[in-house]
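The lines below spell out each chain.
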Amino acid sequence: MSHNPTDMPASKTGADGHEVGRRYDHQAAETKWRAAWDEHKLFETDNDAPGEKYYVLEMFPYPSGRIHMGHVRNYAMGDVVARYRRAQGYNVLHPMGWDAFGMPAENAAMKNKVHPAKWTYENIATMRGQLKSMGLAIDWSREFATCDVDYYAQQQALFLDFLDKDLITRKNAKVNWDPVDMTVLANEQVIDGKGWRSGAEVEQRELTQWFFKITDYAEDLLQSLDGLDRWPEKVRTMQANWIGKSRGLQMNFELTEPTNGFDGFDIYTTRPDTLAGASFMAIAPEHPLAKALAKDDAALAKFAVDVRKSGTSAEELERAEKLGYDTGLRVKHPVKPGETLPVYVANFILMDYGTGAIFGCPAHDQRDHDFARKYDCPIIATFVPMDQDGEPNAFVATEPFVPAKTENVRWINQPAGVEKATGQEAIDATIDWAERQGLGSGQVQYRLRDWGISRQRYWGCPIPVVHCDTCGVVPEKKENLPIVLPDDVDFETPGNPLDRHPTWRDCICPKCGGAATRETDTMDTFVDSSWYFARFTDPKAPEPTTKAANDWLAVDQYIGGIEHAILHLLYSRFFARAMGEAGHLNVKEPFAGLFTQGMVVHETYRDGEGNWIEPADVEIRVDGNERFAFDPAGGKIEIGSIEKMSKSKKNVVDPDDIIERFGADTARWFMLSDSPPERDVIWTEAGAEGAHRFVQRVWRIVSEFAVTDVSTSGEMAKPTKTALDLRRSTHKAIAGVTDDIEKLGFNRAVAKIYELVNTLSSTLKTDALAGDTSLKIEGRQSILSLLSLIAPFMPHLAEECWSIMNGSNMVAQARWPVYDPALLKEDEITLPVQINGKKRADVTVAADADKATIEAAALALDAVQRALDGGQPKKLIVVPGRIVNVVV
RNA sequence: GCGGAUGUGGUGGAAUUGGUAGACACGCCAGAUUUAGGUUCUGGUGCCGCAAGGCGUGGAGGUUCAAGUCCUCUCAUCCGCACCA
């Protein structure tokens with residue numbers, strides 16, 4: 001077969017009446033094969049089907065309006081895994097749903113006067129269509145949206161069960177309050193101290209809120225990270241840091257003179273070994289002692305209010321000065337009898353960590369150092385670096401700040417009775433010592449806070465409790481569920497529409513039967529996404545989960561963005577535990593395998609006035625290795641940095657356009673090529689065209705071969721060397737691609753598919769095939785294997801090619817090809833021969849040649865003889881199967 | 001400040017246990033073709049050099065017969081967390 005179009009047997013037609021040489025029509029083929037999969041219900045999963053289970057899940061999308069390239073990448077990866085596992089004979093669960101509650105729907109309601117439900121469901125309809133056009137092997141029969149009453153009804157049932165198991169509490173907490181929108185904002189929605197939407201100065205308010213007691217599981221959530229060996233190290237580290245476990249000493253400092261009922265207060269420190277360096281005490285403005293003092297001290301009261309007015313953003317904290325207010329109180333120094341320390345109220349002390357009070361050690365803590373400099377407290381070092389020569393106190397006099405590293409230090413000041421230890425031992429020894437002295441006790445602290453889930457929002461899952469004047473806060477009865485959101489709400493005024501609904505709040509107290517009012521707060525949308533993966537296993541069940549959840553979970557492969565490394569994944573891990581406690585699940589870790597994929601990024605373009613320009617309006621011209629951009633009128637466009645696709649920078653490529661122009665297969669292929677999946681991928685026009693050319697190339701090779709007459713079953717041809725080589729290459733590709741998909745190395749799998757296609761292209765030429773029956777047979781086999789390998793990536797193209805090759809059924813029903821390990825080994829191998837570590841020649845020997853044979857062959861080489869110049873090698877290293885190194 | 005990555009041609013990136021650096025792709029160069037359908041095919045392409053040869057995985061050292069890979073130091077970029085005691 002030749003690739004010259006002139007040689008093409010134009011009159012012939014392939015199977016399926018396909019005209020050979022015609023270009024691959026992606027639109028026709030993709031529509032046809034999606035319909036065929038649907039018709040056979042190929043991807044609908046039966047919970048009781050035979051075969052080992054495999055649950056593959058991509059993080060479900062928020063129905064924002066349209067899918068973007070990030071979705072395409074995410075779902076293409078998941079689909080490769082799903083189709084690959086299916087072909088291997090697993091019973092695969094690969095569902096899709098919608099994370100459908102949340103603020104954007106309400107914002108749209110306010111802006112466009114459209115009901116959040118209508119907006120959301122219309123978006124879902126659009127995006128469902130877009131996802132379907134990708135040809136994903138998804139069981140759409142299990143689809144749900146979290147705003148479906150059926151879903152949130154079960155979530156309310158879960159809430160009641162959690163309440164029953166004491167997994168939920170109601171308490172006061174400080175929240176970011178937007179006074180214009182009249183709602184609580186999450187920390188990430190506060191930008192420079194202002195509401196991200198309203199621009200109003202955010203207030204700190206104390207509100208009564210519902211909390212999930214995630215801190216009860218802090219230790220378990222931390223410990224279990226060790227078992228998550230198919231999670232990225234990075235994510236596990238981030239979660240561990242977020243949980244923030246530390247061990248330290250909690251100890252009491254005694255006031256010289258009791259006041260307001262306090263005769264002292266507790267502090268917490270992770271560095272008790274620096275106790276001798278204490279030079280002042282600091283307590284949070286919200287500390288009970290500070291509050292008590294402020295009652296009789298107007299200046300202190302004002303100080304406490306003032307310091308909390310400043311913003312909470314990281315930058316502001318960075319700039320913020322250390323501020324203190326001297327209370328005039330003094331405490332006894334616990335290790336220096338007779339000495340006392342001043343007590344300050346300070347702005348940099350947080351009430352909700354430790355005890356809200358510290359001892360300041362300016363010599364070893366930067367913040368304490370800054371404070372001491374300002375308020376003139378002494379700086380007392382307890383150690384100096386080990387490599388510090390000379391008199392330690394002289395060193396300390398010139399270098400008052402010594403970083404608090406625990407290793408390699410020389411002690412100059414330690415509490416009496418503590419052994420001269422270093423590092424963690426010194427800390428542990430001091431804690432032991434303090435316990436013996438009755439000064440305090442070892443304590444474990446976590447940074448993790450309970451999860452506040454109350455939101456003053458309409459578009460969320462109503463919290464199923466009522467407020468009764470007689471009975472207080474009463475859980476709703478299960479038989480009264482679901483508490484359904486009312487439809488008739490208005491968004492004319494800011495705040496929560498549920499609050500001002502004329503009738504929705506009215507209800508009967510489940511306890512006393514009297515008139516009561518409903519809770520109008522709804523749940524944080526992270527609650528919705530904390531158990532959806534369990535619901536997919538039996539999405540229509542009249543209870544949250546059934547036995548199916550235990551059968552299917554954990555998710556074998558979860559794929560999504562790194563941005564959910566902490567919140568969503570930590571909340572879901574908590575939920576699995578809480579659901580276990582409430583009897584709904586017996587799998588503790590919901591995601592056995594996690595993969596975090598990189599973003600899709602694109603160049604940015606700006607015109608002379610600095611306006612962002614869309615890629616579609618930019619023409620790229622290439623001159624050598626330089627690229628230049630122009631607008632349609634020929635005006636110069638500046639090519640800017642490569643950034644995440646965003647509407648504001650207009651560097652967005654719409655998946656619909658790409659799928660229409662090139663087809664879903666091209667989009668999928670490009671998303672999986674080149675870049676390692678965990679890294680960002682740069683979308684380029686040239687790359688997309690390249691992927692499309694490959695689609696056409698595969699089609700050309702297969703469709704040209706398809707007309708070859710392979711009906712030679714009568715004569716069993718002995719395979720020629722060409723045929724055997726092709727077989728070898730094919731089996732190598734099967735082995736490589738299989739291994740790469742197992743490891744989610746899609747870019748490497750793609751490269752190996754390219755190699756096989758290159759081999760097929762150069763091997764299956766018309767003249768070669770003409771006289772070689774065995775090559776025809778081998779070629780057919782090889783192409784069928786290739787199509788199986790391609791199918792997870794480009795399923796439509798693979799089906800179309802499979803059909804013209806007269807493959808049985810559909811490739812989506814075919815088993816994954818197996819390779820013969822014997823064929824991976826070559827008969828003869830070529831070893832590199834190095835002289836002094838530099839490659840100078842090759843030697844070809846039998847694959848199973850022994851050391852002596854290889855040595856002799858290598859020494860006989862001209863290049864080696866020349867280098868030896870008649871002498872003997874100093875050393876001769878032979879690694880069979882690897883390399884020969886001659887040292888002269 | 002704490003924690004975690006990453007660094008390889010013009011570009012994206014390959015490279016089991018240390019064993020041929022640059023697979024595969026994009027781009028580029030040259031050539032071929034009765035070039036319709038965002039062509040196709042052949043060859044070339046790390047750098048310097050006419051060549052022999054030399055140099056080459058952010059930089060500097062080291063271990064080794066052999067280092068992208070191991071060790072020490074260092075630079076740069078990115079990400080996460082953060083007045084967390």
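Definitions and cut-offs
Residues numbered from 1 in each chain as written. Chains lettered and ligands numbered in written order. Predicted model: local features only at pLDDT ≥ 70, side-chain atom pairs only at ≥ 80, totals over all residues. Heavy atoms only, no water. Phe/Tyr/Trp six-rings, centres within 6.5 Å; stacked < 30°, edge-to-face > 60°. Helix = DSSP H or I, 4+ residues; strand = E, 2+ residues; numbered from the N terminus. Buried < 20%, exposed > 50% of the residue type's maximum accessible area, 1.4 Å probe, protein only. Lys NZ or Arg CZ within 6 Å of the ring centre and 35° of its normal. Pairing = 2+ DSSP bridges. Axes fitted to C-alpha atoms, helices over the stretch in contact; angles between N-to-C directions. Contact = heavy atoms within 4.5 Å. Left-handed = near helix turned anticlockwise from the far one by under 90°. Nonpolar A, V, L, I, M, F, W, Y, C, P; charged D, E, K, R; others polar. Core = buried A, V, L, I, M, F, W, Y, C linked by side-chain atoms within 4.5 Å. pLDDT = per-residue confidence, 0-100. Salt bridge = Lys/Arg side-chain N within 4 Å of Asp/Glu carboxyl O. Disulfide = S-S within 2.5 Å. Arc of directions from axis to C-beta. Polar contact = N/O pair within 3.5 Å; in protein donor to acceptor, adjacent residues only side chain to side chain. Expected span 1.5 Å × (residues − 1).

Further remarks concern the packing of aromatic side chains. Throughout the structure, instances matching the rule amount to 44 aromatic pairs. Summarising the aromatic geometry, the rings of Tyr-84 and Trp-816 are spaced 4.9 Å apart at their centres and angled 85° between planes, so their arrangement reads as edge-to-face. One end of the pair, Tyr-84, is in helix H2 (residues 69–87); the other, Trp-816, is in the loop between helix H25 (795–804) and helix H26 (821–824), with 732 residues separating them in the sequence. The class for Trp-816 is buried, based on a relative accessible area of 10%. When the centroid spacing of 5.2 Å and the interplanar angle of 75° are considered together, the rings of Phe-212 and Trp-451 count as edge-to-face. Placement of Phe-212 in strand E7 (residues 203–212) and of Trp-451 in strand E17 (residues 451–452) is noted, with a sequence separation of 239 residues between them. Using a relative accessible area of 1% as the deciding quantity, one classes Phe-212 as buried. By way of ring pairs, the aromatic residues Phe-159, Phe-162, Trp-210, Phe-212, Tyr-217, Trp-451, Phe-526, Tyr-571, Phe-574 and Phe-575 are connected into one cluster. The cationic tip of Arg-447 hangs over the ring face of Trp-242; the distance from NZ or CZ to the ring centre is 4.6 Å.

Next up on the list: the sheet that holds strand E20 (residues 472–475). Within the open sheet, the 4 strands sit side by side as E20-E19-E22-E21. Their pairing is antiparallel. Only two strands of the sheet have a single neighbouring strand rather than two, namely E20 and strand E21 (506–508). When strand polarity is set aside, the average angle formed by the axes of neighbouring strands in this sheet is 45°. Bridging between strand E19 (residues 465–468) and E20 involves 4 bridges; their strand directions are antiparallel. If you follow His-467 over to E20, its bridge partner there is Val-473.

All right, on to the environment of Leu-131 then. With respect to the helices, strands and loops of the structure, Leu-131 is situated in helix H4 (residues 116–132). Once you skip the residues sitting within four places of it in the chain, Leu-131 turns out to touch Ile-67, Tyr-75, Met-96, Trp-98, Leu-136 and Trp-140.

What follows concerns the packing of helix H3 (residues 103–112) against H4. Two elements in contact, H3 and H4, have axes whose closest approach is 8 Å; the angle formed by their N-to-C orientations is 115°. The element H3 and its partner H4 pack so that their crossing is right-handed. Each of Pro-104, Ala-105, Glu-106, Ala-108 and Ala-109 in H3 lies in contact with H4, whose residues at this interface are Pro-116, Trp-119 and Thr-120. Split into classes, the residues belonging to the contact of H3 with H4 amount to 6 nonpolar, 1 polar and 1 charged.

Attention shifts here to the nonpolar core. Phe-159, Phe-162, Phe-212, Tyr-532, Phe-575, Trp-683 and Phe-793 are the most contacted members of the largest nonpolar core, which totals 175 residues. Met-251, Phe-253, Ile-283 and Phe-359 belong to the second largest nonpolar core, which has 33 residues in total.

Mean pLDDT over chain A stands at 86; residues scoring 70 or higher make up 90%. Here helix H10 (residues 314–319) is the element of chain A with the lowest mean pLDDT, 48, and helix H15 (residues 532–535) is the one with the highest, 98. Contacts of residues 1–18 to residues separated by more than four positions or lying in other chains number 37 contacts, the stretch itself having pLDDT below 50. For residues 311–315, every residue scores under 50 in pLDDT, and the model assigns this stretch 6 contacts once sequence neighbours within four places are set aside. Complex prediction metrics read pTM 0.90 and ipTM 0.94.

Looking now at the sheet that holds strand E24 (residues 557–561). Ordered by their spatial adjacency, 4 strands build an open sheet running E2-E1-E24-E25, and the pairing between neighbours is parallel. Two strands in the sheet have a free side with no partner beyond their single neighbour: strand E2 (91–93) and strand E25 (594–597). Here the average twist between neighbouring strands, direction ignored, is 20°. Sheet analysis places E24 next to E25, joined by 4 bridges and oriented parallel. Paired with Gly-560 across the bridge in E25 is Thr-596. Across the sheet, H2 touches strand E1 (53–58), E2, E24 and E25, and the angle it forms with E1 is around 175°.

Moving on, we come to the pattern of salt bridges. Under the counting rule described, the total for this entry stands at 38 salt bridges. Among the salt bridges present, the one from Lys-245 reaches Glu-219, with a minimum N-O distance of 3.0 Å. Taken together, the residues Lys-245 in the loop between helix H7 (233–243) and strand E8 (246–259) and Glu-219 in helix H6 (residues 218–223) connect sequence positions 26 residues apart. Of the residues examined, Glu-219 reaches a relative accessible area of 27% and is grouped as partly exposed. Asp-739 serves as the salt-bridge partner of Lys-743, at 3.1 Å between the closest nitrogen and oxygen. Taking relative accessible area as the criterion, Lys-743 reaches 53% and is therefore assigned exposed.

Glancing now at the state of the cysteines. This structure, assessed with the given rule, holds 0 disulfides. As a non-bridged cysteine, Cys-377 has Cys-361 as the owner of its nearest cysteine sulfur, 12 Å distant.

A word on helix H18 (residues 655–662). Taken together, the buried positions of H18 are Pro-655, Ile-658, Ile-659 and Phe-662. All buried residues of H18 project into a common sector of 95° when viewed along the axis, lining one side. Check the buried side of H18 and you find it contacts helix H1 (26–39), H2, helix H19 (664–672) and helix H20 (685–706). Of the residues flanking the end of H18, it is Gly-663, one or two places downstream, whose phi is positive at about 100°.

So, on to the pairing of strand E3 (residues 168–178). Pairing geometry for E3 and E7, over 10 bridges, is antiparallel. When the bridges of E7 are listed, Lys-171 appears paired with Gln-209. Where E3 and strand E4 (residues 183–185) come together, 3 bridges link them in antiparallel fashion. Across the sheet, the residue bridging to Asp-178 is Thr-183, located in E4. Counted along the chain from E3 to the antiparallel partner E4, the turn is 4 residues long, and its residue Met-182 has a positive phi close to 55°.

Another aspect to go through is the side chain of Thr-274. Of note, Thr-274 is situated in the loop between strand E9 (262–269) and strand E10 (280–283). The exposure class of Thr-274 is buried, given its relative accessible area of 3%. Separated by 2.8 Å, the side chain of Thr-274 and the backbone oxygen of Arg-271 make a polar contact. Contact partners of Thr-274, with chain neighbours within four places excluded, come to Phe-359, Cys-361, His-364, Thr-382 and Phe-383.

With 17 residues, H4 ought to run about 24 Å at 1.5 Å a step, and its terminal C-alpha atoms sit 24 Å apart, in line with that. Taken residue by residue, H4 has Pro-116, Ala-117, Trp-119, Thr-120, Asn-123, Ile-124, Met-127, Gln-130 and Leu-131 as its buried positions. Each buried residue of H4 lies within a common arc of 155° when the element is viewed along its axis, so the set occupies one face. Considering only its buried residues, H4 is in contact with H2, H3 and H18.

The subject of this paragraph is the environment of Thr-684. In this structure, Thr-684 sits in the loop between strand E31 (681–682) and H20. Given the relative accessible area of 32%, Thr-684 is considered partly exposed. Each C-alpha atom, one on Thr-684 and one on Phe-670, is 9.5 Å from the other, the two residues being 14 residues apart in sequence.

This part covers the packing of H20 against helix H24 (residues 773–790). Packed helices, taken two at a time, are described by their axes: the angle between them and the distance between them. Running from amino to carboxyl end, H20 crosses H24 at an angle of 145°, the nearest separation of the two axes being 11 Å. Of the two elements, H20 crosses H24, and the hand of that crossing is left-handed. Residues Val-698, Val-702 and Phe-705 of H20 form the contact with H24, whose own contacting residues are Lys-776, Gly-779, Arg-780, Ile-783, Leu-787 and Ile-790. Of the residues belonging to the contact of H20 with H24, the class tally is 6 nonpolar, 1 polar and 2 charged.

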